[in-house]
Amino acid sequence: MDLTPAPFFADLAEGPAGARAWWVKAADSLRLRIAHYPSEGTRGTVLLFPGRTEYVEKYGRAAAVFAEAGYHTLAIDWRGQGLADRMLVERRTGHVDLFEDYQRDVATMTSLVDVLDLPRTQHLVAHSMGGCIGLRALMDGLDVTSAVFTGPMWGIRIANPVRPAAWAIARMSKSMGLGHMFAPGTGAISYVVGSDFNDNSLTRDPEMWEYMRRQVLAHPELQLGGPSLNWLHEALAEMRILSRRPAPNVPCVCYTGTNERIVDIDRIRARMAEWPGGRLEMVADGEHEIMMEVPATRNRVFADMIDHFATAGEAQALTA
């Protein structure tokens, strides 16, 4: 695999020392950016699947927590966002041709574990859209010891009366050649740039809100606006397909805020209720960004994640 150094904004990431990023091409030749946050420990490697609009620097602080606990972290700019190749003339449109294309990105990312000689015990941490991508990857055999989801996009919060219209608009856009257009109610402005902290739907922590804003204001090329109609169609179809498949037999914990306003909590409850050995943690008053919530919340969640990794690793060792 050809690894070429890529830009990486370490001062804004605030991750562990020595973090680097590379350009790597997926199987269909789209260029992705993948970052390695190192650790002095050798307990394992966290595969961090970001959400829609996100980029590798956003998880620098999370990677620092994992590094302190002995885990390396790989994070990715999915196709169409961050500094990865974008596919439309309007670069700020969140777009994908087929949702399954993200699995090409997963395969590219996981191949770096061997290329970089990272610990082979792997743990998935997936947020929002990354949770949808991660769920399919697990169902298709992603080799991880445990999985963690935060606010996973297993359903999008759409009012029931509007849901049929959302399906119809998204479906028609494809046949009419309008799939590149922004989904209704969205536009080119990044959410954290165009919104105020008060009543935002991501976090209750003003300092973490400023952390996110600081990153995209310093480097506007990281910004992403609303999704395309094609992305919406593909996402709705993917979530429907996955909802009909059984949960994978992988130790799993899922954290969802009780004030979640972006993804569908009922879909999350339904999935976790039938996950073998799965555990759903409803985070009191939490918003969508559980790993960026107020300090008491995120500290508790990170500690629980790390315990989950260790417990799953010990159980795997006993059965090896």
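Scroll up to find the structure.
Below, the structure is looked at part by part. (Residues numbered from 1 in each chain as written. Predicted model: local features only at pLDDT ≥ 70, side-chain atom pairs only at ≥ 80, totals over all residues. Heavy atoms only, no water.)

1. A word on the overall build of the protein chain
Rules: Comment: elements are numbered from the N terminus, with helices defined as DSSP H or I runs of at least four residues and strands as E runs of at least two. Here the globule rule is a power law, 2.2 Å times the number of residues to the power 0.38, and the radius of gyration is based on C-alpha atoms. Relative accessible area decides the class of each residue, using a 1.4 Å probe on protein chains only: under 20% of the type maximum gives buried, over 50% gives exposed, and in between gives partly exposed. A 1.4 Å probe and the Shrake-Rupley method give the accessible areas. Residues count as covered only by the protein chains that appear here. In summary, the charge assignment counts Lys and Arg as positive and Asp and Glu as negative, without counting His or the chain termini. In this description, the location of a charge corresponds to atom NZ of lysine, CZ of arginine, CG of aspartate or CD of glutamate.
Regarding its fold elements, the protein chain presents ten helices and nine strands. Taking 2.2 N^0.38 as the reference for a compact globule, 320 residues should give roughly 20 Å; the C-alpha atoms of the protein chain span a radius of gyration of 18 Å, in line with that estimate. Per-residue burial over the protein chain gives 57% buried out of 320 residues. When the accessible area of the protein chain is evaluated, it comes to approximately 13100 Å², of which 53% is carbon and sulfur surface. Taken as two groups, the 32 positive and 39 negative side-chain charges of the protein chain have centres that lie 5 Å from each other.

2. Here's the deal with the pattern of salt bridges
Put simply, the test is: When a carboxyl oxygen of Asp or Glu is within 4 Å of a side-chain nitrogen of Lys or Arg, the pair counts as a salt bridge.
Overall, the coordinates contain 27 salt bridges when judged by the stated rule. If you follow the salt bridges from partner to partner, you end up with Asp28, Arg79, Asp101, Arg104 and Asp105 in one network.

3. Brief notes about helix 3 (residues 102–115)
Here is the rule: Multiplying one less than the number of residues by 1.5 Å gives the expected span of a helix.
Relative to the 20 Å expected for 14 residues at 1.5 Å per residue, helix 3 spans 20 Å between its end C-alpha atoms, a close match to the ideal helical length. Taken together, the buried positions of helix 3 are occupied by Tyr102, Gln103, Asp105, Val106, Thr108, Met109, Leu112 and Val113. The positive-phi residue at the C-terminal boundary of helix 3 is aspartate 117, with phi of around 55°.

4. Digging into the side chain of histidine 308
As a reminder of what qualifies: Polar contacts, as counted here, are pairs of nitrogen or oxygen atoms within 3.5 Å of one another; within protein the pair requires one atom able to donate a hydrogen and one able to accept it, and residues that are adjacent in sequence qualify only if both atoms are side-chain atoms. Here, residues are in contact when the closest pair of their heavy atoms is within 4.5 Å.
Structurally, histidine 308 can be placed in helix 10 (residues 295–319). A distance of 3.2 Å separates a polar atom in the side chain of histidine 308 from the backbone oxygen of alanine 147. Beyond its immediate stretch of four places on either side in the chain, histidine 308 contacts Ser146, Ala147, Val148, Pro251, Cys252 and Val253.

5. Some remarks on empty space enclosed by the protein
Note the cut-off: Here a cavity denotes grid points, spaced 1 Å and computed from the protein atoms alone, that fit a 1.4 Å probe unable to get out, and a pocket denotes an open set having protein on both sides within 12 Å along at least 5 of 7 lines; residues with an atom within 4 Å of a point are the lining. Grid points are joined across faces, edges and corners, and a volume is the space filled by probe spheres set on the points. Each residue is assigned to one of three groups, with Ala, Val, Leu, Ile, Met, Phe, Trp, Tyr, Cys and Pro labelled nonpolar, Asp, Glu, Lys and Arg labelled charged, and all others, Gly among them, labelled polar.
Counted according to the given criterion, the structure contains one cavity of 30 Å³ or more. Within this model, the largest cavity holds a volume of roughly 30 Å³. Looking at side-chain class alone, the lining of the largest cavity contains four nonpolar, four polar and two charged residues.

6. Quick look at unusual backbone geometry
With a phi close to 55°, aspartate 117 is a non-glycine residue in the positive phi region. Positionally, aspartate 117 belongs in the loop between helix 3 and strand 6 (122–127). Residue aspartate 117 is classed as exposed on the basis of its relative accessible area, which comes to 59%. With a phi angle near 65°, aspartate 285 is a residue other than glycine that sits in the positive phi range. The residue aspartate 285 is located in the loop between strand 9 (279–283) and helix 10 in this model.

7. Regarding the pairing of strand 9
Selection criterion: One bridge is not enough; two strands pair if DSSP finds at least two bridges between them.
Bridging between strand 8 (residues 252–257) and strand 9 involves five bridges; their strand directions are parallel. Considered in strand 9, the bridge of glycine 257 is made with valine 283.

8. With respect to the packing of aromatic side chains
Quick note on the threshold: Aromatic pairs are defined between Phe, Tyr and Trp rings, using the six-membered ring for Trp, whenever the two ring centres lie within 6.5 Å; interplanar angles under 30 degrees are classed as stacked, those over 60 as edge-to-face, and all others as tilted. Remark: a charge is flagged as sitting over a ring if the NZ atom of Lys or the CZ atom of Arg is within 6 Å of the ring centre and within 35 degrees of the ring normal.
Under the defined criterion, the tally for this structure stands at 13 aromatic pairs. An angle of 85° between the planes, with centres 5.2 Å apart, marks the rings of phenylalanine 49 and tryptophan 78 as edge-to-face. You can see phenylalanine 49 sitting in strand 4 (residues 44–49) and its partner tryptophan 78 sitting in the loop between strand 5 (71–77) and helix 3, a full 29 residues away along the chain. Like tryptophan 78, phenylalanine 49 is buried. Taken together through their ring pairs, the aromatic side chains of Phe49, Trp78, Phe99, Tyr102 and Trp231 make up a single cluster. The ring centre of tryptophan 23 lies 3.5 Å from the NZ or CZ of arginine 31, which sits over that ring. When the ring centre of tryptophan 231 is taken as reference, the NZ or CZ atom of arginine 52 above it lies at 5.7 Å.

9. Quick word on the sheet that holds strand 6
Here is the rule: Only C-alpha atoms enter the line fits that serve as axes; for helices the fit covers just the stretch in contact. Angles between N-to-C directions range over 0 to 180 degrees.
Read across the sheet, nine strands follow the order 1-2-3-5-4-6-7-8-9 without closing on themselves; strand pairing throughout is mixed. For this open sheet the edge positions go to strand 1 (4–5) and strand 9, each flanked by a neighbour on one side alone. On the sheet, helix 2 (residues 60–68) packs against strand 3 (31–37), strand 4, strand 5 and strand 6 and is oriented at approximately 160° with respect to strand 5.

10. Quick look at the environment of aspartate 85
Within the element layout of this structure, aspartate 85 appears in the loop between strand 5 and helix 3. By relative accessible area, aspartate 85 is classed as partly exposed at 25%. Residues aspartate 85 and leucine 32, 53 residues apart in the sequence, show an inter-C-alpha distance of 6.5 Å. If we ignore the near neighbours within four places in the chain, the residues touching aspartate 85 are Ser29, Leu30, Arg31, Arg79 and Gly80.

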